[in-house]
Amino acid sequence: MRVLLTHNRDLLKHFYGTRAVEALKALPIDLVMNDSDTPLFGDALVKAAEGCSVVISDRLAAGPREVLEQLTDVKLFTRCAVDMRNIDVAAASDAGILVCNCSSGYADAVGEHALALMLDLARNITRDAARYHAGDAGHPMVFGRQMAGAHVGVIGYGSIGRRIVELALAFKMKVSVYDPYAWIDNGAVNKVGLDEVLSQPDFVVCAAYATPETERMMNASAFAKMRRDAFFINISRGILVDEAALEAALVSGAIAGAGLDVGDGPDQQPSLRLARLPNVVATPHSAALMIEPSEFQAMETVEQVKAVLAGRLPIHAKNPDRVPGWLAR
C-alpha cells in the first residue's frame, strides 16, 4: 500500500514531526513524501497521489471536487488537522473516498496562548518591551490591569474554551461562558447569553467553532455591545470576525484593544492591517506551534493508516455511510 504524506519540508518539521514519520516508515507501506519547499495542491497533488491508497494531507493541500475526482487510486483522504473546510466531503463520497480528520490535541497550547494575549494586553508587555529594546529607559506610569478579579467572557465551550476557562479560574478571574449547545456543570462558571458575554466582561475571548452559524458573528453590532475598556481575543478562526468592523472598533476606541492569532490573512493569519494598529497584539497563527499538539495529531494519522492496513474503519471518519464498501476497494 502506498501512502502520500503531503507536508513539504517546513510543514513536516513544524507540523508533523520525526516521531510520526518514523512510525509510518515502520509500517508495511510504501511512503511517498513531498521532499520540497512547495505545498502540494491542484494538479501537483493529483500527480503525487498516483498509485497511492492513502493521502495524509496538510492544511494547504486542498481537496476540492476537481482534485478528488482525479484521485482514482485513493480510498482514504485524511487531514492532519481539525479544520477540513477546504475538503469537499460530498465530492469525496461521490468518488468513493473516505475522509477523516484529527481531534483537537492543542487545547492546552491554544488555551495558554489566549491567556498570554490577555496578559500582554493587560500589562502592555509587548509595547513596553519594544520601547525598552529601543533603549528608552523611561518609566511611564501607565497602569496595567490585574487578572485576578477581572471578568472574562468566553464564546464557545469546546475543548479550547474549556481549557481557557480552567486557566482563567486558576488566575482567580470571574468567568462567563456563552455556548447554547454546551452543558456547563462547573459551579464557578456563569452561563450567559450572547449579549451578556459581550457587554459585561473585561476580556471577550472567541473560542467557538467555525460554522455557518458563527461566521462573522463578531461584527459591528457585537463590538458595539462591548465595554470601551474591554479587550477582544480571537484564537478560533478568522472567519468568525468581520475584520472591517473590528478595525473600526479599535481605531475609534469603541474597544480598548485586541489580541489575535487568527484572521483573514494568508494561512489564516491576522491581517497585517490589523496587526499594525497600536492597540493590537497579533501573532501569526502560531498558538498551536508546539511539539506536543502537532505530534498528537500526526500520530492519529498513523493510527488511521494502521486501521486501513487492518481492514478497520479509521478514527474520525466523516462519511463512512456514504462509502460503505471503501475497505474492499
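Residues numbered from 1 in each chain as written. Predicted model: local features only at pLDDT ≥ 70, side-chain atom pairs only at ≥ 80, totals over all residues. Heavy atoms only, no water.

> I'd like a description of the overall build of the protein, backed by residues and values.
Along the backbone of the protein there are 13 helices and twelve strands. A compact globule built from 329 residues should have a C-alpha radius of gyration of about 20 Å, and the protein, at 22 Å, falls within 12% of that. When its C-alpha atoms are laid out on the principal axes, the protein stretches across 65 × 45 × 35 Å. Residues counted as buried form 50% of the 329 residues belonging to the protein. Excluding contacts between residues fewer than 6 apart, the proportion of contacts in the protein whose partners are at least 24 apart in sequence is 63%. Accessible area of the protein: about 15200 Å², with a carbon and sulfur share of 55%. With 32 positive and 39 negative side-chain charges, the protein shows a separation of 2 Å between the mean positions of the two kinds. (Helix = DSSP H or I, 4+ residues; strand = E, 2+ residues; numbered from the N terminus. Rg over C-alpha atoms; globule rule 2.2 N^0.38 Å. Buried < 20%, exposed > 50% of the residue type's maximum accessible area, 1.4 Å probe, protein only. Contact = heavy atoms within 4.5 Å. Areas by Shrake-Rupley, 256 points an atom, 1.4 Å probe, with all protein chains shown as cover. Lys, Arg positive; Asp, Glu negative; His and termini not counted. Charge placed at Lys NZ, Arg CZ, Asp CG, Glu CD.)

> How would you sum up the sheet that holds strand S6 (residues 151–155)? Please name residues and give values.
Taken together, the seven strands give an open sheet; going across it, the order is S8-S7-S6-S9-S10-S11-S12, and neighbouring strands pair in parallel fashion. The two strands at the open ends of the sheet, each matched to only one other strand, are strand S8 (189–191) and strand S12 (280–282). Taking each pair of neighbouring strands and ignoring which way they run, the sheet shows an average axis angle of 15 degrees. Here strand S7 (residues 174–178) runs beside S8; their pairing, made up of three bridges, is parallel. The partner of Val177 across the bridge, within S8, is Lys191. Across the sheet, helix H6 (residues 107–123) touches S6, strand S9 (203–206), strand S10 (231–234), strand S11 (257–260) and S12, and the angle it forms with S10 is around 155 degrees. (Pairing = 2+ DSSP bridges. Axes fitted to C-alpha atoms, helices over the stretch in contact; angles between N-to-C directions.)

> An account of the nonpolar core is needed here, citing residue identities and associated values.
Ranked by internal contacts, the top residues of the largest apolar core, which has 33 residues, are Met118, Val152, Ile164, Phe203 and Ile235. Of all the secondary-structure elements, those providing two or more residues to this core are H6, S6, helix H8 (159–170), S7, S9 and S10. Counting residues per element, this core draws most heavily on H6, which supplies eight residues. Discounting chain neighbours no more than four positions away, the residues touching Val152 are Met118, Ala168, Met173, Lys174, Val175, Ser176, Pro201, Phe203 and Val205. Phe223, Phe232, Ala245 and Leu274 belong to the second-largest nonpolar core, a separate cluster that totals 27 residues. (Core = buried A, V, L, I, M, F, W, Y, C linked by side-chain atoms within 4.5 Å.)

> Help me get a handle on unusual backbone geometry, residues and values and all.
Even without glycine at this site, Arg216 takes up a positive phi of about 55 degrees. Take Arg216: it is sitting in the loop between S9 and helix H10 (220–225). With relative accessibility at 32%, the residue Arg216 sits in the partly exposed group. Residues other than glycine seldom take positive phi values, yet His285 does so here, at roughly 55 degrees. Relative to the helices and strands, His285 is located in the loop between S12 and helix H13 (291–310).

> Pulling in residues and values, what's your account of the pairing of S7?
Within S7, four of the five residues are buried, which leaves the element mostly enclosed by the surrounding structure. Pairing of S6 with S7, which is carried by five bridges, proceeds in the parallel orientation. Opposite Gly153, over in S7, you have Ser176 as the bridge partner.

> Any details on helix H2 (residues 18–25)? Residues and values, ideally.
Residues of H2 that are buried include every one of Ala20, Val21, Ala23 and Leu24, and no others. In a view along the axis of H2, the buried residues occupy a sector of 160 degrees, so they form one face of it. Residues of H2 that are buried make contact with strand S1 (2–5), helix H1 (9–16), strand S2 (30–33), strand S3 (54–57) and H13. (Arc of directions from axis to C-beta.)

Treat this as a map of the structure, not an account of what it does.
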